[in-house]
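What follows is each chain in one-letter form.
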Amino acid sequence: MAAPMIRSTLKLTANTINRVTSKNVHTCKCLLAGEKWRVARGLPRAFDAEYGPFLDRPDWSYADGRPGLSSKGMLARREERKKLATQAVEYLEFLDKAKSNYNKNTAETQRQNEQIIRRKFKPKGNTYKSNPNLGKTNS
C-alpha cells in the first residue's frame, strides 16, 4: 500500500510545480506598450524608469501648496546626482590645470629653443650684404 501513496504524492508535486511555473510567467503585450517607440527615440524603456517628472517630483503635496516629503529613492537619486556633479567639477578643474601646465611647458620649451638658436647663429665679420661693392667688377 505504500507504493500507490508515493505515486500519488509524486503526481501532486509534479502538478503543483507545473502549475506554479506557468502561473508566474506573464508575457502580456500591455506590459511592453510603447517600449520600442521610446527606445527608438533614445528615451528610457518606461516613462518613469530613469528621469522625468514622474520620478523626480514628490507623489503628493500639502493642501497649502508645500511639497510633500521626499521618498528614500528620491533622496538617494539626489545624493547620487550631487556626487556626480562634484566629480564632474573636479574633473573639469583637473583638465583646466592640465591645459595650463601644457601651455606653460610648450611656451617654456619654445623659449629655450629660441635661446639655443640665438646662441648658435651669430653673424661673424662683414657680411656680403653689408658691402655692396663685393663681387662687382669695374668693366
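Residue numbering note: each chain is counted from 1, following its sequence as written. Local features in a predicted model are, by the rule used here, given only for residues with pLDDT of at least 70; side-chain atom pairs are given and counted only at 80 or more, and totals for whole chains, interfaces and linings are based on all residues. To obtain the side-chain values, all non-hydrogen atoms of the structure were included, while hydrogens and water were left out.

The next subject is the overall build of the protein. The numbering of helices and of strands both runs from the N terminus, where a helix is a DSSP run of H or I of at least 4 residues and a strand a run of E of at least 2. Of the regular secondary structure elements, the protein holds four helices and zero strands. Mapped from its N terminus to its C terminus, the protein presents α and β elements in the order α-α-α-α. Within the protein, the fraction of its 139 residues that count as buried is 5%. Put simply, of all contacts in the protein between residues at least 6 apart along the chain, 6% involve residues at least 24 apart. In the form shown here, the protein has an accessible surface area of approximately 13,400 Å², with 59% of it arising from carbon and sulfur atoms. Think of it in three bands: residues with accessible area under 20% of the maximum for their type are buried, residues over 50% are exposed, and the middle band is partly exposed, with areas taken using a 1.4 Å probe on protein chains only. Residues are treated as being in contact if the distance between any of their heavy atoms lies within 4.5 Å. Using a 1.4 Å probe, accessible areas were evaluated by the Shrake-Rupley method; residue-level cover was limited to the displayed protein chains.

Glancing now at the pattern of salt bridges. Here, a salt bridge means any side-chain nitrogen of Lys or Arg that lies within 4 Å of a carboxyl oxygen of Asp or Glu. In total, this model carries three salt bridges according to the counting rule given. Between Arg66 and Asp64 there is a salt bridge whose closest N-O contact spans 3.0 Å. Across the pair Lys82 and Glu79 runs a salt bridge, and its minimum N-O distance is 4.0 Å. Taken together, the positions of Lys82 and Glu79, both in helix 4 (residues 72-120) and three residues apart, correspond to about one turn of that helix. The exposure class assigned to Lys82 is partly exposed, which follows from its relative accessible area of 48%. What makes Glu79 partly exposed here is its relative accessible area of 43%.

Our focus in this paragraph is the packing of aromatic side chains. Two descriptors summarise a pair of aromatic rings, namely the distance from one centre to the other and the angle between the planes of the rings. Each Phe, Tyr or Trp ring, with Trp reduced to its six-membered ring, pairs with another whose centre is within 6.5 Å; inter-plane angles below 30 degrees give stacked pairs, above 60 give edge-to-face pairs, and intermediate values give tilted ones. Summed over all chains, the structure comprises zero aromatic pairs. Over the ring of Tyr62 we find Arg66, and its NZ or CZ is 4.3 Å from the ring centre. Here, over-ring charges are defined by two tests on the NZ atom of lysine or the CZ atom of arginine: distance to the ring centre within 6 Å, and angle to the ring normal within 35 degrees.

What follows concerns the environment of Asp56. Mapped onto the fold, Asp56 is located in helix 3 (residues 53-56). Look at Asp56 and you get partly exposed, because its relative accessible area is 31%. Between the C-alpha atom of Asp56 and that of Ser71, which follows or precedes it by 15 residues, the distance is 9.9 Å.

Residues enter patches when their relative accessible area tops 30% and they take part in no salt bridge; the joining distance is 9 Å for like charges and 5 Å for the nonpolar side chains Val, Leu, Ile, Met, Phe, Trp and Tyr. A cluster of nonpolar side chains, contributed by Trp60, Tyr62 and Leu69, occupies part of the molecular surface with about 330 Å² of accessible area. Given the relative accessible area of 34%, Tyr62 is considered partly exposed.

Once that is clear, we can look at the confidence of the model for the protein. Each residue carries a pLDDT value, the predictor's own confidence for that position, ranging from 0 to 100. Here the protein shows a mean pLDDT of 76. Residues at 70 or above account for 58%. Averaged pLDDT values for the elements of the protein fall to 54 in helix 1 (residues 2-24) and rise to 94 in helix 4.

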